[in-house]
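Per-entry structural report
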Amino acid sequence: MAELILHHYDISPYAEKIRLCFGLKGLAWRSVIVPMVLPKPNLTPLTGGFRRTPVLQIGADIYCDTLRIALELDRRCPEPSLLPEGGSGFDGILATWAERVLMWPTARYVTGMNRDALSESFFRDRSAMRGHPTPTMEQVAAGLPHQEGQLHLMLGWVEDLLGDERLYAAGRMPRLADFALYQRLWWLRALDGKAAHSLAGYPRIRDWMARIAAIGHGERSELTPQDALRIATDARIDAPARGGETQRELGRHHASRGDGADVGARNEGGQTPLHEAVAPSSGEPGVVKALIRAGADARARDAGEETPLDKAKRFARAPAILKVLWDAMASPAVRDKTGEGDEQ
Ligand SMILES: N[C@@H](CCC(=O)N[C@@H](CS)C(=O)NCC(=O)O)C(=O)O
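Heads up: these notes are all about the structure in this document.

Here's the deal with the sheet that holds strand E4 (residues 61–64)
Strands sit in the order E4-E3-E1-E2-E5 across an open sheet of 5 strands; the sheet is mixed. What marks the edges here is a single partner per strand, and that holds for E4 and strand E5 (219–222). For this sheet, the mean inter-axis angle between neighbouring strands, taken without regard to orientation, is 30°. Here strand E2 (residues 28–33) runs beside E5; their pairing, made up of 4 bridges, is parallel. Within E5, the position partnered with Arg-30 by the bridge is Ser-221.

Okay, here's the thing in C-alpha cells:
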C-alpha cells in the first residue's frame, strides 16, 4: 500500500481523532502540516477546494472527512478494528452527538477563553467558513457563561456514560466512538489551556482520557507539501471502494482526483460532496460544475431536507454557482424545499 499521508495541523481536534486511529492500528504515517486558515495552496489542488482538516492522502486518492478516513483505514488495515464487537450504530450515534452537539460549546468556549492566543484572522476565517458575520471580541466574551453552562451539562452526561466498570465508551475496547468524543474534550486543553479547568471534577472522564491518550499516534514522520503533491501526481488512481455494510450504515464521503471519485457519498449529516462544494468554505463554480458533470445529484437532500441549491441560496453564494445548480435541476420552475417556484 502507498504511504498514508495526513494533511493536518497539530492543534486540530479532528486530526487528533485520526492520529489516534493510526495509534490504535500501530500504523506508520507521513505528516504534512497545513495552515489553520485559508489560503491552503498546497492542499486545495488535491481536494478540489475542500479546505477542512484533516485530509488523508494515499497515493493519488484523497479522503475528506474523518468518518470517511476512519472507514478507509479500517478497510485497508482491518486489525484492530475501529468498529469492534458488532456494528457501527453506537459509533454513528455517539460521533454525531459529539461532533454536532457537544461540538459547539467546546469550540466556542475554547476559542472564547483563549481568544488572545488566536489572531483576528482566525475568527474572520471561521465566520466566513460558516457564512456568519465575524463577532467582536466583546461578543465572544459575552457568550462564555452560556457556553460554559452548556458544556457542564454535557460533561455531566459523559461522566455518567462512563459510570460503570467500562474502560471505554462502549465497553472494554477502544473504538471510533471514543476518538470522536475524545477529540472534543482534548480540545478543552488546547491553545493557552484557559478552558482546561472545565474538566476538573469529572474523574471518570479524566481517567478515560488518560487511557485514550496512551494509545498514541503510531509512527509519525514529516513530509513537505511539495513532496505530497508530487506523490499524488506520480501515483495511479485506485478505484474507490463502494458499498459495504459498514459504509452504508455510517455514510460515506469520498473525493479523489480525477475519475473514480464517489460523488454520491454522504457524510453523517447526509450531505453529498455537492452540498460541501456550495458551502462558504469551498464555493468554486468550477468544482460545482465538475461534480455535476461527474453525476452528482443536484436534487439530493441532506438530513435536514436541504438540497445543494437550498444551501447555496442560504449562504447567498455567487450567481455563477446558483446558475450551475439551476441548470442542473433542468426544469423551468424548480421547486425548492419550501415548495416555492424558482423562476429562472
Ligand atoms: N466533518 C469534518 C469536520 C472537520 C473540521 O471541521 N475540522 C476543522 C479543524 S479541527 C476545520 O476544518 N477547520 C477549518 C480548517 O482547518 O480549515 C470531519 O469530520 O473531518
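Focus: helix H15 (residues 319–329)
When H15 is considered as a whole, its buried residues turn out to be Ile-321, Val-324, Leu-325 and Ala-328. Down the axis of H15, the buried set is contained in an arc of 95°. They therefore lie on one face. Projecting away from the buried face of H15 at angles above 90 degrees are the exposed residues Pro-319 and Asp-327. If you follow the buried residues of H15, they end up packed against helix H13 (285–293) and helix H14 (308–314).

Section: the pairing of E2
Pairing between strand E1 (residues 4–8) and E2: 4 bridges, direction parallel. Across the sheet, residue His-8 finds its bridge partner in E2, namely Ile-33. At this point the chain moves from E1, through helix H1 (residues 13–25), to the parallel E2, and the crossover so formed is right-handed.

Some details on the packing of helix H4 (residues 89–113) against helix H8 (residues 176–186)
Contact pair H4 / H8: the axes reach a minimum separation of 8 Å and the direction vectors enclose 5°. On the basis of their axis angle, the class for H4 and H8 is roughly parallel. Facing H4, whose interface residues are Phe-90, Asp-91, Leu-94, Ala-95, Ala-98, Glu-99, Leu-102, Met-103 and Thr-106, H8 presents Leu-176, Ala-177, Ala-180, Leu-181 and Arg-184. Grouping the amino acids of the contact of H4 with H8 by side-chain chemistry returns 10 nonpolar, 1 polar and 3 charged.

Quick word on the nonpolar core
Leu-6, Cys-21, Ala-70, Leu-176, Ala-177, Ala-180 and Leu-181 are the most contacted members of the largest nonpolar core, which totals 57 residues. Mapped onto the domain boundaries, this core takes at least three residues apiece from domain 1 (4–80 + 222–343) and domain 2 (89–213). Membership of the second largest hydrophobic core comes to 15 residues, among which are Val-278, Val-288, Ala-298 and Ile-321.

Structural notes on the environment of Ala-15
In this fold, Ala-15 is placed in helix H1. Taking the C-alpha atoms as reference, Ala-15 lies 9.9 Å from Leu-56; in sequence the two are 41 residues apart. Setting aside residues no more than four positions away along its own chain, Ala-15 makes contact with Leu-6, His-8, Tyr-9, Thr-53 and Pro-54.

Brief notes about the site of the ligand
Around the ligand lies a shell formed by Ser-12, Pro-13, Tyr-14, Met-36, Arg-51, Arg-52, Thr-53, Asp-65, Thr-66 and Leu-67. At the level of secondary structure, the elements contributing two or more residues to the shell around the ligand comprise H1 and helix H3 (66–76).

Observations concerning the environment of Phe-122
Looking at the secondary structure, you find Phe-122 in helix H5 (residues 120–130). Take Phe-122: there are 14 C-beta atoms within 10 Å of it, and that puts it in the partly exposed class. Note: C-alpha distance between Phe-122 and Thr-111 (11 residues apart in sequence) is 9.7 Å. Discounting residues that sit within four places of it in the chain, Phe-122 has contacts with Met-36 and Val-37.

Regarding unusual backbone geometry
With omega at 0°, the peptide bond leading from Thr-53 into Pro-54 counts as cis. Residue Glu-305 is not a glycine yet carries a positive backbone phi of 70°. In this fold, Glu-305 is placed in the loop between H13 and H14.

Each value, and the rule that gives it
Residues numbered from 1 in each chain as written. Predicted model: local features only at pLDDT ≥ 70, side-chain atom pairs only at ≥ 80, totals over all residues. Pairing = 2+ DSSP bridges. Helix = DSSP H or I, 4+ residues; strand = E, 2+ residues; numbered from the N terminus. Axes fitted to C-alpha atoms, helices over the stretch in contact; angles between N-to-C directions. Buried ≥ 20, exposed ≤ 12 C-beta atoms within 10 Å, placed from the backbone. Arc of directions from axis to C-beta. Contact = placed C-beta atoms within 7 Å. Right-handed = clockwise from strand over helix to strand, strands pointing away. Parallel < 35°, antiparallel > 145°, perpendicular 65-115°, else oblique. Nonpolar A, V, L, I, M, F, W, Y, C, P; charged D, E, K, R; others polar. Core = buried A, V, L, I, M, F, W, Y, C linked by C-beta atoms within 7 Å. Domains from an automatic or database assignment. Near = placed C-beta within 6 Å.

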